Structure formats: C-alpha cells, structure tokens
Amino acid sequence: MTATTSPPQAAAGDPKKQPSTAKSDPQKHGRLALLLLTPTFLVLALVIGYPLIAAIRESLYQKAEGVDADGFVIEGNQFVGIDNYTAIFTGDSAERFWNAFFNTTFFTVTTLILEIVIGVSMALVMHHALRGKGLVRASILVPWAIPTAVSAIMWQFIFTADGVANEVLSSQILWTVEGFQAKIAVIIADVWKTAPFVGLLVLAGLQIIPNDVYEAARVDGASAWKQFWRITLPLVKPALLVAILFRGLDALRMFDLPYVMIGQRKQSVETLSMLAQEEASQLRIGPAAAYAVVLFVYVSLVAYAFVKLLGADVIGEARVRAKETKQRKAKAVTA
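Residues numbered from 1 in each chain as written. Predicted model: local features only at pLDDT ≥ 70, side-chain atom pairs only at ≥ 80, totals over all residues. Heavy atoms only, no water.

Chemist: Describe a nonpolar patch on the surface, naming the residues involved and giving the relevant values.
Modeler: A contiguous nonpolar patch, built from Leu-34, Leu-37, Phe-41, Val-43, Leu-44, Leu-46, Val-47 and Ile-48 and spanning about 760 Å² of accessible area, is present on the exposed surface. Looking at where Ile-48 falls in the secondary structure, it is placed in helix α1 (residues 24-58). (Patch = residues over 30% accessible without salt bridge, like charges linked within 9 Å, V, L, I, M, F, W, Y side chains within 5 Å. Areas by Shrake-Rupley, 256 points an atom, 1.4 Å probe, with all protein chains shown as cover. Salt bridge = Lys/Arg side-chain N within 4 Å of Asp/Glu carboxyl O. Helix = DSSP H or I, 4+ residues; strand = E, 2+ residues; numbered from the N terminus.)

Chemist: An account of unusual backbone geometry is requested, with residue identities and associated values reported.
Modeler: With phi around 55°, Ser-170 is a residue other than glycine that occupies positive phi space. By the element assignment, Ser-170 lies in the loop between α6 (164-169) and α7 (180-206). The exposed category is assigned to Ser-170, whose relative accessible area is 68%. (Buried < 20%, exposed > 50% of the residue type's maximum accessible area, 1.4 Å probe, protein only.)

Chemist: Residues and numbers for the packing of helix α2 (residues 83-90) against helix α3 (residues 94-128), please.
Modeler: Closest axis-to-axis distance for the α2/α3 pair is 5 Å, and the angle between their directions is 75°. As far as their axial angle goes, α3 and α2 are roughly perpendicular. Across from Ala-87, Ile-88, Phe-89 and Thr-90 in α2, the residues of α3 making contact are Ala-94, Phe-97 and Trp-98. Taken together, the residues of the contact of α2 with α3 sort by class into six nonpolar, one polar and no charged. (Axes fitted to C-alpha atoms, helices over the stretch in contact; angles between N-to-C directions. Parallel < 35°, antiparallel > 145°, perpendicular 65-115°, else oblique. Contact = heavy atoms within 4.5 Å. Nonpolar A, V, L, I, M, F, W, Y, C, P; charged D, E, K, R; others polar.)

Chemist: If you had to explain the pattern of salt bridges to someone new, which residues and values would you point to?
Modeler: Here the structure, examined in full by the defined rule, presents nine salt bridges. The partner of Arg-57 in a salt bridge is Glu-58, with the nearest N and O atoms 3.5 Å apart. Looking at Arg-57, the relative accessible area reads 47%, which means it is partly exposed. As a salt-bridge pair, Glu-115 and Arg-247 come within 2.9 Å of each other at their nearest N and O atoms. Of this pair, Glu-115 sits in helix α3 while Arg-247 sits in helix α9 (residues 224-252), and the two are 132 residues apart along the sequence. A network of salt bridges, in which partner residues are shared, links Glu-115, Asp-190, Arg-247, Asp-250 and Arg-253.

Chemist: I'd like a description of the nonpolar core, backed by residues and values.
Modeler: Within the largest apolar cluster, 40 residues are counted, with the highest numbers of intra-cluster contacts made by Phe-159, Val-186, Val-202 and Met-261. Mapped onto this core, the elements with two or more residues apiece are α3, α5 (148-158), α7, α8 (211-219), α9, α10 (256-261) and α12 (285-310). (Core = buried A, V, L, I, M, F, W, Y, C linked by side-chain atoms within 4.5 Å.)

And the structure:
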C-alpha cells in the first residue's frame, strides 16, 4: 500500500508562492493621491482655468459700434474671430505692442541678472554672518516685505528732480519722465525690492550644504573662489534655478511698479500688462483679453523653455525617486 503524498505546502516566507499585494499598492497610492489632490485641482480650475477660458472667449469678441441696416445703434458684443489678435501684430497698435514687448523682455532679463548677482551675495552674507545674524537677515528682507505700490511711491520721491538720487549724483536728471533714465529708475527699484527674494531661496539652499564638504576642500588647499565655484554653486543650483524661474515669470507680468512710479502711457516703461490694463480701462474688453492671452502664451513658452533647457525641473527629483521606488517594488515581487 502506497501512501499518497500531497504537494509540498508553500513556504510561509516564499514571496513567489504568496498572493502578492505589492502590485496593488501603487494603484491604492495613486487613488489616494488623486483623492487628496482633488480639492487643489478644483481650486486651480476655479481661479485659473475658468478665468483663462473666459479671457480666450472674450478675445474673440469686440464691442459693437455703429448702426445696423435699419438705423438702430448696435449694442452688445460682436464675434470677430481672430481680428483682435491680427490687430495686435499688424494694425495701428502693432508698434505700441512691440514696444511693450521689448520693454517687458528688457526689464525681465536685466532685473533677473542683477537680482541673481545681488541675491546670491545677500545669501552668502546672511549665511556667514556670525554676530547679529538675525538683524542682518531681517534688514535684508525688509524691502521684499514692502508692498510694491508703497515701494514705487517711495522711489518716486527718491527720483524726483530735487530728490535724493539727484542730490547724491549732483545732477538734474528727470528720472520719472520719458527716456532711458526712466527704465534705469524702474530697474533699480525692482532690483532693490525683489533681490531679497532670490537671496532668501538661495539661503535655504546654502543651509543644507554640510560643513564637512568645505572642510575637506580647505584641507585640499582650495581657495575661497574655488570653493564657491566648485562646491557652493553646484549644490545650491536647484534652489537658485527655482528662484530664477519664479522671479522671471513674475517680472514678465510687471505692472504696478512702473505704473505707479512713472505713470501710464509712458512709451519708455510701458509693459504688456500695462497695455492690457489700459485697453480694459477704455472698455475695450476684447482687445484687452487678446493682450492678456498673448502675455499668457509668452509666459508659458518662457517657463517651458526654462524648465527644459536649463533643467529647472522643480519636481524632477520627485519623479526620479518615484521611478526608483517602483523599480525596487517590481524587483521585490519578481524575486
């Protein structure tokens, strides 16, 4: 009589024989993440998506003018398609648009370069200050905390004909009238206000660099400049790129500083945002919406190019970590 033998039971610790639940974990995490992010998506759709769609729709209409065939005054808005956009580039306002486009780009590039240099210098001072570190940081961050309109009024007083700027320079420059000097005044005021923002983000990056790296560099005989160029700058690059991205996008939307400080309809400082605001103030909602949409496209293209070309991917590291985690889970399941 032969004894029947049953198949060997799967070992309790054998992951190949146990029902795998690891494959469902990413799905559960994905559903949980979607559930948690749903309120954020709803808020973004309400405050960003709807205004954008409404602006695009308004840009296709224009305020009706004149009379109809029966002699009655036409009221309301009239669908004009892309006429508002073609008028921007080819109509009578084309020269004004390109001037505002040049001013916007010029202010963005110039202020960004100056803010990077000054902001990094501020961060280094705040990071290495030994005595009165709190006072130094607070004093540097004060300009950033001042509202832009208040800052513009303050600098307007500084740049008046009998203001502090002319007293210091012993000159009689008319800073707040038409001319290149108005651009310089706006750049100085903007850099004074927003360079501390760059310094604050760079300071956060400096504080996570371990001191052991600098001690090892000093032991190897590296000078202060080599330490900055080979250690500080590469390690602080992620924070610096985020600061540049945020400040660049903010500068492209510059409006209140030149508007309050210099005034409207000043060719030397007029930006795209000022141009859109003036069209809206004249109740030309369609052309104003077209200017706003063009500015939105410009900002989006700059942001995309910056992220792709310069590597300022603010969530790139998170994607890499998520991919590595998924690969480790896959290996554990198949092991």
